[in-house]
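Coordinates in review
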Amino acid sequence: MAKQVKYYVVWEGNTPGIYRSWDDCKREIKGYANAKFKSFTSLEDAQKAFKDPDSVAPDPNKKQYYYVVWHGHTPGIYTDWNEVLKQIRGFPKAIYKTFGSKNLAEKAYNDHPDNYKDGDYKKTKDLSDKDLDRIGDPIELSLAVDAACNGKGDFEYQGVWTFSKENVFKVGPYKRGSNNIGEFLALVHALAYLNSHKDPKMKEMPIYSDSRIAMGWVKKKMCKTTKQPQPDVHNLILRAESWLKKNTFKNPILKWETKVWGEIPADFGRK
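This paragraph deals with the pairing of strand 9 (residues 167-174). Sheet topology places strand 8 (residues 155-161) next to strand 9; 5 bridges connect them, and they run antiparallel. The partner of Phe155 across the bridge, within strand 9, is Tyr174. The turn linking strand 8 back onto strand 9 is made up of 5 residues, and Lys165 within it adopts a positive phi angle of 65°.

Below is the structure:
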């Protein structure tokens, strides 16, 4: 069966236009903040859409973002990236941020921008008051961990203090692994680090992770990966599993609520 031909319209990108391959389209949107593009199955539809963007029905599944402009020509909260560009272009040291939650955007706008400068809040979303009360705020006196992995399986992980984002440990990169492996190793590393201290408060300090998979593996004391890591990574996994089986700990391992709090403080910022 012949592959269906697609035409890619780039309204907002490095060079707006109509492209006949995804690779060409990617080159025009790569590195362009909030690029606007869409694929069509006919050249006629693509040409019509490029000339008249308003004729294209909005995607009901597309996430709505809220852009907070603290310092710009006209500070405020915007829902259209093009309007944001008008407010920040030519404005010296403009300060703005993208949010997925309208409520959080409104809170941030009335707050100091320094409280949001280091975080990524695109994945946040509006929840019911009941859910927000249930989730509450993150525990500041805690350790947050995260991992990052590229398409080749090269990964690294780190732990930071939640309240200050100061780095506690950073390990890697290693080859032929996965993000889940990195998340698992980060949790065990955090447990071993906190329990190596004599201070009893460290031995009970909460640890945050945004990976339910890694949290489940720690609970089972086994890395349940289906990957075939190379020897050095395999040895790290064996050491982590051995530590879990030989030691007990009181540190609560808690899920970082990305939808409410934004990206975990240990995030590598590569999404």
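From this point, the narrative continues.
Within this structure, the stated rule accounts for 19 aromatic pairs. The interplanar angle of 25° and the centroid separation of 6.1 Å between the aromatic rings of Trp70 and Tyr116 together place this pair among those described as stacked. A residue pair is termed long-range when its members are at least 10 positions apart, and Trp70 in strand 4 (residues 66-71) and Tyr116 in the loop between helix 4 (102-109) and helix 5 (129-135) qualify at 46 residues. A centroid spacing of 6.1 Å and a plane angle of 75° characterise the contact between Tyr157 and Phe169, whose relative ring orientation is edge-to-face. Of this pair, Tyr157 sits in strand 8 while Phe169 sits in strand 9; the two residues are 12 residues apart in sequence, bridging distant segments of the chain. For Tyr157, a relative accessible area of 5% corresponds to the buried category.

Here we take up the packing of helix 6 (residues 179-195) against helix 8 (residues 231-246). Describing two packed helices takes the angle between their axes plus the distance from one axis to the other. The geometry of helix 6 relative to helix 8 is characterised by a closest axis approach of 10 Å and an angle of 45° between their N-to-C directions. Between helix 6 and helix 8, the angle is such that the two are oblique. Helix 8 is crossed by helix 6, and the crossing has left-handed handedness. Packed against helix 6, whose contacting residues are Ile181, Phe184, Leu185, Val188, Leu191, Ala192 and Asn195, the element helix 8 presents Val233, Leu236, Ile237, Ala240, Glu241, Trp243 and Leu244 at the interface. Looking at side-chain class alone, the contact of helix 6 with helix 8 contains 12 nonpolar, 1 polar and 1 charged residues.

Spatial ordering of the open sheet is given by 5-4-6, a layout of 3 strands whose pairing is antiparallel. Among the strands making up the open sheet, the edge pair consists of strand 5 (76-78) and strand 6 (95-99). Taking the axes of each pair of neighbouring strands and ignoring which way they run, one obtains an average angle of 20° across the sheet. Sheet topology note: the strand 4/strand 5 ladder contains 3 bridges and is antiparallel. Looking across to strand 5, one finds that Val69 is bridged to Gly76.

Tallied over the entire structure, the rule returns 5 salt bridges. Put simply, Lys86 and Glu83 hold a salt bridge, and the shortest N to O gap is 3.2 Å. Remark: Glu83 and Lys86 occur in helix 3 (residues 81-88); sequence separation between them is 3 residues, near one turn of the helix. Residue classification places Glu83 among the partly exposed residues on the basis of a relative accessible area of 30%. Residue Glu263 is joined to Lys123 by a salt bridge in which the shortest nitrogen-to-oxygen separation is 3.7 Å.

Turning our eyes to something else, we now look at a nonpolar patch on the surface. On the surface, Ile139, Leu141 and Phe163 cluster together into a nonpolar patch covering about 300 Å² of accessible area. In this fold, Ile139 is placed in the loop between helix 5 and strand 7 (143-149). What makes Ile139 partly exposed here is its relative accessible area of 38%.

All right, on to the sheet that holds strand 8 then. As summarised here, the arrangement of the 5 strands in space is 9-8-7-10-11, forming an open sheet in which the pairing is mixed. Both outer strands of the open sheet, strand 9 and strand 11 (253-255), are each paired with one neighbouring strand and no more. When the angles between neighbouring strand axes are averaged without regard to direction, this sheet yields 20°. Summarising the sheet, strand 7 and strand 8 pair through 7 bridges and their orientation is antiparallel. Note on strand 8: the bridge partner recorded for Cys149 is Phe155. Relative to the sheet, helix 6 contacts strand 7, strand 8, strand 9, strand 10 (207-209) and strand 11, its axis offset from that of strand 7 by approximately 150°.

The rules behind these values
- Residues numbered from 1 in each chain as written.
- Predicted model: local features only at pLDDT ≥ 70, side-chain atom pairs only at ≥ 80, totals over all residues.
- Heavy atoms only, no water.
- Pairing = 2+ DSSP bridges.
- Helix = DSSP H or I, 4+ residues; strand = E, 2+ residues; numbered from the N terminus.
- Phe/Tyr/Trp six-rings, centres within 6.5 Å; stacked < 30°, edge-to-face > 60°.
- Buried < 20%, exposed > 50% of the residue type's maximum accessible area, 1.4 Å probe, protein only.
- Axes fitted to C-alpha atoms, helices over the stretch in contact; angles between N-to-C directions.
- Parallel < 35°, antiparallel > 145°, perpendicular 65-115°, else oblique.
- Left-handed = near helix turned anticlockwise from the far one by under 90°.
- Contact = heavy atoms within 4.5 Å.
- Nonpolar A, V, L, I, M, F, W, Y, C, P; charged D, E, K, R; others polar.
- Salt bridge = Lys/Arg side-chain N within 4 Å of Asp/Glu carboxyl O.
- Patch = residues over 30% accessible without salt bridge, like charges linked within 9 Å, V, L, I, M, F, W, Y side chains within 5 Å.
- Areas by Shrake-Rupley, 256 points an atom, 1.4 Å probe, with all protein chains shown as cover.

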